[in-house]
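Understanding the architecture of this molecule
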Amino acid sequence: MYNMKFVKPVASLILGSAVILGAISATQVEVDAASSYKISHGKLVAKSSGKVVKGFKTFNGKLYKNGKLYTGLKGHVYYINGKVGTGTYKGIYYVKGKVFTGVDSKSGKFYVKGKVNKGLTLYNGKLYNGTTLNKGLVLYSGKLYNGATLNKGLVLYKGKLYNGSNQNKGVIQYKGLWYKNADIANGLIKTPDGKEIKVVNGKENFALSVMHTNDTHAHLDNIAKRTTAIKNVRAEKPNSLLLDAGDVFSGTLYFNGFQGQADLKFMNALGYDAMTFGNHEFDLGASPEGHQALVDFIEGANFPFVSSNVNFSGDARFKGLFSDLISSNPAKGKIYNGIIKEIDGEKVGIFGLTTAETKEISSPGSVAFENYIEEANKAVKAFEGQGVDKIIALTHIGYDDNPAVDNDLTLAASVKGIDLIVGGHSHTQLDKPVVVDKDNNNKAKDPTVIVQAYQYSDFLGTVDVEFDGAGKVVKSDGKLIKIADLPEDPEAAAMLKDYSEKLKEISSKSIGAVAESDLINPRASDAGNTSGVSVRNSETALGNIITDGMLAKAKTYDKDIVMALQNGGGIRSAIPAGDIAVGEVITVLPFGNTLATMSLTGAELKAAFETSFKEYPKENGGFLHVSGGKVEFDSSKPVGERVVSISFKDADGKYTPIQDNQTYKIATNAFTAKGGDGYTVFAKAYAEGRVTDLGLSDWENLAEQLTKMKTIQPKIEGRIVDVKK
């Protein structure tokens, strides 16, 4: 046997000898050529004959062909001017004579077999796309490359989800979407932790929580309790939105004294997300200062305002405050057509609408109001164009107000794509959300949820809306939290004290009127009242003054108003003789009622007075005081048959009997106009859109009337007469 340690060196020697011999042989050829050839006139020639050397010859390290320096291929080697070269020959790129594959150091181009790379090529573990190193996601030979290297993480590529370099084979959530076997998952799926969830368009259901207020009308006496309610909800649902549907302005001394700044301080502290404008936000437009108080309110807000159908361009005060755009990054103290909020990774759109009635019942001046249906459709399309499929309309158009003008029910049935309407203006108490799932043609539509939280911050509204992955409402629930039942937040109570102390001075301020004797407000239960006369069963001087003020104010909005009515149960206090203070007026009408107008037939007005007299001589909170008319009744007749005659005072001061089949315009307070105190005849008119809430404060109307009278001499005028007495 051979010794294996000996064999290997022998083989090496043999191989080494061959290499050495080859080198010697090549060198000898060069030596021979040098002795046989020479360069003559730039050509290789034989020394002996001077003739050009035919064929390929190497001389002095250069390759010649037929005596000339050679450029081209010899075998698989590229030459330039006789030397091994770098360059392009017949479309092929060579480096040091060899066909090149790689990245050229000078041009930076990537070559494959001498040609510039046109597609995807894997080279030395790197993926090249064209001539350069791949920078994005590319699938190559079944592998996903991220940049130039093999993908190592979770990536979505052309609708497929890759886990590392391979397509995902299981159920996985990626950037808010669920994937099953690489495709977007739909239906009931089981997550890796074993939980079963309903998924649509790759999304599981999304829950949105909203707190809402409307028509607070500067009622800040309960703001510390409202603060408690909001803090309680946020403790349970920290991502809840907080929205206001307008009419923060007007209604109490807090507004008269501070022009909205007191309300704003608390709204900023409470962290409101957005507000739309109510008609009362435009009440000051006819004042010498115009809408300056509203501008100050907007500019001082730590939240944006949304308004799609209000055009502010006609009033220079709003220049720079309003943008007719949908903003995903809204600035505080600005007005937008709509805004986009991101909540738990989902986009929620919010736009605003204000009733077109504002131009008749407020003082907007050069501020204009556009068609609410058209503007709502535009807003929804704009949101959808930005990929938003959860849309809130923040409205001040009324839940069931006059459909010929605008209301939430009509909006919900007319505009596709609105998921939630947070409303105001009609002061409607919706204890539970109302769902509209049919359009104007009574055909099925995606649900729209409507909420409204009554008035004066008596309630904090809350609503929870659940969406499926396609942005469709699949569930909703909500409630009104009664503010009066809650304790005060100490910090908010301390903040309020700064304002309430200042109001004491305003409350004691004279309105500029003097009562020569007491303006009494009798009740049958009053000590010493043996007459049985009551504000709830008989004409009173105070009731006359209140209704006179209502009639005068209503006529400034509609000259065809012929009569004003006030329920006796709404008159809560007397005014003592002497100088009349603001606070005394407020105690007479403390409920913050507003002035409303309605159209009634003579027959309906007669039915209303039958309700007024139904308890007579017993007290009835619905007993109607009247201005502009005279009513005679017969208390001996059965209930429902007591009205003898009703007349209204014409322009000449003469009384004209009403006719059953004619229509008359009447003023009353919004509570009564909506059917309060059992006035079903008024409720019917309200439901049919025959009522307009002017939104004017009842106590302010009374103060204005008393100031106009200056010296008050209480008297009964025989406006309401029992013919049997």
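The notes below deal with the structure included here. (Residues numbered from 1 in each chain as written. Predicted model: local features only at pLDDT ≥ 70, side-chain atom pairs only at ≥ 80, totals over all residues. Heavy atoms only, no water.)

With that settled, consider the overall build of the protein. In terms of helices and strands, the protein carries 15 helices and 56 strands. Here the C-alpha radius of gyration of the protein, 45 Å, is well above what a compact globule of 725 residues would show, namely 27 Å. Counting the 725 residues in the protein, one finds 49% classified as buried. When contacts within the protein are restricted to residue pairs at least 6 apart in sequence, those whose partners lie at least 24 apart make up 63%. Taken as a whole, the protein presents about 34000 Å² of accessible surface, with 52% of it coming from carbon and sulfur. Counting 87 positive and 79 negative side-chain charges, the protein places the averaged centre of each group 24 Å from the other. (Helix = DSSP H or I, 4+ residues; strand = E, 2+ residues; numbered from the N terminus. Rg over C-alpha atoms; globule rule 2.2 N^0.38 Å. Buried < 20%, exposed > 50% of the residue type's maximum accessible area, 1.4 Å probe, protein only. Contact = heavy atoms within 4.5 Å. Areas by Shrake-Rupley, 256 points an atom, 1.4 Å probe, with all protein chains shown as cover. Lys, Arg positive; Asp, Glu negative; His and termini not counted. Charge placed at Lys NZ, Arg CZ, Asp CG, Glu CD.)

Time to look at the pairing of strand S30 (residues 206–213). Counting buried residues along S30, seven of its eight residues qualify, which places the element largely inside the surrounding structure. Across seven bridges, S30 lies against strand S43 (residues 459–467) in antiparallel orientation. Residue Ser209 lies in a different strand from S43, and its bridge partner there is Asp464. Bridge count for S30 against strand S31 (residues 241–244) is four bridges, and the pairing is parallel. Looking across to S31, one finds that Thr213 is bridged to Asp244. Running through helix H2 (residues 223–236), the crossover from S30 to the neighbouring parallel element S31 is right-handed. (Pairing = 2+ DSSP bridges. Right-handed = clockwise from strand over helix to strand, strands pointing away.)

Moving on to helix H14 (residues 680–687). Looking at H14, one finds that the buried residues are Val681, Phe682, Ala685 and Tyr686. Buried residues of H14, seen end-on, are gathered within an arc of 140° and therefore sit on one face of the element. In H14, the exposed positions that point more than 90 degrees away from the buried face belong to Thr680 and Ala687. Here the buried face of H14 lies against strand S46 (561–567), strand S48 (594–601), helix H12 (602–612), helix H13 (670–673) and strand S54 (691–697). At the C-terminal side of H14, Gly689 shows a positive phi close to 80°. (Arc of directions from axis to C-beta.)

Helix length check: helix H9 (residues 490–507), at 18 residues, gives a terminal C-alpha distance of 24 Å against a target of 26 Å (1.5 Å per residue), a fit within 8%. Of all bends in H9, the biggest is about 30°, found at Lys497. Listed in full, the buried residues belonging to H9 are Ala492, Met495, Leu496, Tyr499 and Leu503. Its buried side turned inward, H9 meets H2, helix H3 (253–258) and helix H4 (261–270). (Expected span 1.5 Å × (residues − 1). Bend = angle between axes of the 7 residues up to and from the residue.)

Before going further, it helps to spend a moment on the environment of Leu264. In this structure, Leu264 sits in helix H4. In this structure Leu264 comes out as buried when scored by relative accessible area, which is 2%. Separated by 96 residues in sequence, Leu264 and Asn168 have C-alpha atoms that sit 53 Å apart. Sequence-distant contacts of Leu264, that is, excluding residues within four places in its chain, are made with Asp296, Phe297, Gly300, Ala301 and Phe303.

Moving on, we get to the pattern of salt bridges. Following the criterion strictly, the structure yields 19 salt bridges and no others. As a salt-bridge pair, Glu466 and Lys475 come within 3.8 Å of each other at their nearest N and O atoms. With relative accessibility at 22%, the residue Glu466 sits in the partly exposed group. A salt bridge links Glu604 to Arg690; the nearest nitrogen and oxygen atoms lie 2.9 Å apart. (Salt bridge = Lys/Arg side-chain N within 4 Å of Asp/Glu carboxyl O.)

Hydrogen bonds along the backbone pair up the strands of a sheet, which may run parallel or antiparallel. Reading across the sheet, the five strands line up as S49-S46-S53-S48-S54 and stay open at both edges, with mixed pairing between neighbours. Only two strands of the sheet have a single partner each, and these edge strands are strand S49 (624–627) and S54. Neighbouring strand axes in the sheet, compared pairwise and without regard to direction, differ in orientation by 30° on average. In this sheet, strand S53 (residues 663–669) lies alongside S46 in parallel orientation, the contact comprising three bridges. Paired with Ala564 across the two strands is Ala667, which belongs to S53. Contacts between helix H10 (residues 541–557) and the sheet are confined to S46, S48, S49, S53 and S54, with S46 contributing the most and set at about 140° to the helix. Strands in contact with H14 are S46, S48 and S54; relative to S48, the strand with the most contacts, it is inclined by about 95°. (Axes fitted to C-alpha atoms, helices over the stretch in contact; angles between N-to-C directions.)

Time to look at the packing of H10 against helix H15 (residues 698–709). One way to put it is that H10 packs onto H15 with a least axis distance of 8 Å and a crossing angle of 100°. Classified by the angle between their axes, H10 and H15 sit roughly perpendicular to one another. Across the interface between the two elements, Ile545, Ile546, Asp548, Gly549, Ala552 and Lys553 from H10 touch Asn701, Leu702, Glu704, Gln705, Leu706, Lys708 and Met709 from H15. In the contact of H10 with H15, the residues fall into six nonpolar, three polar and four charged. (Parallel < 35°, antiparallel > 145°, perpendicular 65-115°, else oblique. Nonpolar A, V, L, I, M, F, W, Y, C, P; charged D, E, K, R; others polar.)

Cis geometry is adopted by the peptide bond preceding Pro617, which originates at Tyr616 and carries an omega value of 5°. The residue Pro617 is located in the loop between H12 and S49 in this model. You will see that Tyr454, though not glycine, has its phi angle at about 65°, which is positive.

On to the nonpolar core. Here is a general trend for soluble globular proteins: nonpolar side chains tend to be buried in one another's company. Ranked by internal contacts, the top residues of the largest apolar core, which has 78 residues, are Phe305, Phe318, Leu519, Ile580 and Leu706. No other element matches H10, which puts seven residues into this core. The residues contacting Phe305, other than those within four sequence positions of it, are Met275, Phe277, Phe297, Ile298, Lys334, Ile335 and Tyr336. Residues Leu605, Ile658, Tyr664 and Tyr686 belong to the second largest nonpolar core, which totals 30 residues. (Core = buried A, V, L, I, M, F, W, Y, C linked by side-chain atoms within 4.5 Å.)

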